[in-house]
Amino acid sequence: MPTCLSDGFKVTAAALEAAITPRTKWLILNSPSNPTGAAYSGDELKALSEVLVRHPHVWTLSDDIYEHLTYGNFVFTTMAQVEPALRDRVLTVNGVSKSYAMTGWRIGYAGGPERLIKELEKLQSQQTSGACSIAQWAAVEALNGPQDYIAKSRSVFKERRDLVVSLLNEADHLKCPVPDGAFYVYPSCADAIGRSTRSGKFLRNDEDFAAALLEEEGAAVVHGAAFGQGPNFRLSYATSTEVLLDACARIQRFCSGLK
Ligand SMILES: Cc1ncc(COP(=O)(O)O)c(C=O)c1O
């Protein structure tokens, strides 16, 4: 569903209500979000849940993969927590890729009503014949072992988020909101559209912006239209501070050359 910067890239209850039709089957909700970093507060989820209670044919898939990557005073909440009446039609999914930096281990998991999980098992056992048991045990260890790693990585990510947001806001023609979670920022490049780069390339849209930035400065971002939400771009700060400083300097140089 389309969202906007003024709503913090979050779906409102009114927009959800208006989008639901008799053919709607699932609401897929990802908070904190890839690509915008937006995260729904408990009150915001409660407002959405009140809409969903009125539409018993709609299920919710809550993708909580960035659960532990929230910053400042933000408190992570998930749909199954806020509205007990929805419990038998909420599927909560999570994994070890982000919180434990175990992307390569390929372990995700889900919790939901028994009859849905049984069907998921059937599908998954035919598609992948099950996750590797060694990776499963590594995930168990990550989840049951000491959790101090999470606080450490969260504080490093917060520093990187703040650094990237401030450097992008110093760049000409960009506006970068401060996201509450995940490891992405999603600045608007609306003011860069309709301008030309130093080498004379005219920027018609955010795709042109991202392509010219890559060609002229060697910095890679993903254009917002690829996610259905532009003119913006997504920058991931899941990399070293050194790389981020270099990338932001390149973006600043690129933007200062736009005419
Ligand atoms: C929103 C969201 N959900 C799920 C995943 C799944 O990650 P993986 O396949 O590494 O477990 C990702 C990874 O980028 C993601 O951004």
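Residues numbered from 1 in each chain as written. Predicted model: local features only at pLDDT ≥ 70, side-chain atom pairs only at ≥ 80, totals over all residues. Heavy atoms only, no water.

## Observations concerning the domain arrangement of the protein
Parsing the protein into structural domains produces domain 1 (5–144) and domain 2 (149–256). Summarising the inter-unit geometry, the C-alpha centres of domain 1 and domain 2 are found 27 Å apart. Inspection of the region where domain 1 meets domain 2 yields 0 salt bridges. At the junction of domain 1 and domain 2, the tally comes to 10 residue pairs in polar contact (both at pLDDT 80 or more). Among the residues making up the side of domain 1 that touches domain 2, the classes are represented as 11 nonpolar, 8 polar and 1 charged. (Domains from an automatic or database assignment. Salt bridge = Lys/Arg side-chain N within 4 Å of Asp/Glu carboxyl O. Polar contact = N/O pair within 3.5 Å; in protein donor to acceptor, adjacent residues only side chain to side chain. Nonpolar A, V, L, I, M, F, W, Y, C, P; charged D, E, K, R; others polar.)

## Comments concerning the layout of surface pockets
Its volume calculated, the largest pocket comes out at about 620 Å³. Forming the boundary of the largest pocket are 19 residues, of which G108, Y109, A110, L120 and Q124 lie nearest the centre. If you list the elements that add at least two residues to the lining of the largest pocket, you get β3 (90–95), β4 (108–111), α4 (114–127) and α5 (133–144). If you tally residues by element for the lining of the largest pocket, the top one is α4, at 6 residues. The residue inventory of the lining of the largest pocket, partitioned by class, reads 12 nonpolar, 5 polar and 2 charged. There is about 490 Å³ of room inside the second largest pocket. If you trace the second largest pocket, you find 20 residues lining it, with M1, T3, V11, I28 and S33 closest to the centre. Split by residue class, the lining of the second largest pocket holds 12 nonpolar, 7 polar and 1 charged. (1 Å grid on protein atoms, 1.4 Å probe; cavity = no way out; pocket = protein on both sides within 12 Å on 5 of 7 lines; lining within 4 Å. Points joined across faces, edges and corners; volume = space filled by probe spheres on them. Helix = DSSP H or I, 4+ residues; strand = E, 2+ residues; numbered from the N terminus.)

## Concerning the packing of helix α6 (residues 148–170) against helix α8 (residues 241–256)
Where α6 contacts α8, the two axes come as close as 9 Å, and the packing angle between them is 15°. The orientation of α6 with respect to α8, classified from their angle, is roughly parallel. Of the two possible hands of crossing, α6 and α8 adopt the one that is right-handed. On α8, the residues touching R160, L163, V164, L167, L168 and E170 of α6 are T241, L244, L245, C248, I251 and Q252. Residues of the contact of α6 with α8, tallied by class, amount to 8 nonpolar, 2 polar and 2 charged. (Axes fitted to C-alpha atoms, helices over the stretch in contact; angles between N-to-C directions. Parallel < 35°, antiparallel > 145°, perpendicular 65-115°, else oblique. Left-handed = near helix turned anticlockwise from the far one by under 90°. Contact = heavy atoms within 4.5 Å.)

## Some thoughts on the packing of helix α7 (residues 206–217) against α8
If you want to describe how two helices pack, look at the angle between their axes and the distance between the axes. One way to put it is that α7 packs onto α8 with a least axis distance of 10 Å and a crossing angle of 110°. With respect to α8, the axis of α7 lies roughly perpendicular. On the side of α7, the interface is formed by F209, A212, L213, E216 and E217, while α8 contributes R250, I251, R253, F254 and C255.

## A few points about the sheet that holds strand β1 (residues 26–30)
Here 4 strands make up an open sheet; going across it, the order is β1-β2-β3-β4 and the pairing mixed. Unpaired on one side and paired on the other, β1 and β4 mark the two borders of the sheet. With strand direction ignored, the average angle separating the axes of adjacent strands in the sheet is 20°. Of the strand pairs in this sheet, β3 and β4 are connected by 4 bridges, and their pairing is antiparallel. (Pairing = 2+ DSSP bridges.)

## Re the pattern of salt bridges
Tallied over the entire structure, the rule returns 13 salt bridges. Across the pair R253 and E217 runs a salt bridge whose closest N-O atoms are separated by 2.8 Å. Of this pair, R253 sits in helix α8 while E217 is found in helix α7, placing the two residues 36 residues apart along the sequence. With a shortest N-O distance of 3.2 Å, D246 and R250 are connected by a salt bridge. Highlighted residues: D246 and R250, both in helix α8, separated by 4 residues, approximately one helical turn. Of the residues examined, R250 reaches a relative accessible area of 25% and is grouped as partly exposed. Put simply, K158, R161 and D162 are held in one network by salt bridges that share partners. (Buried < 20%, exposed > 50% of the residue type's maximum accessible area, 1.4 Å probe, protein only.)

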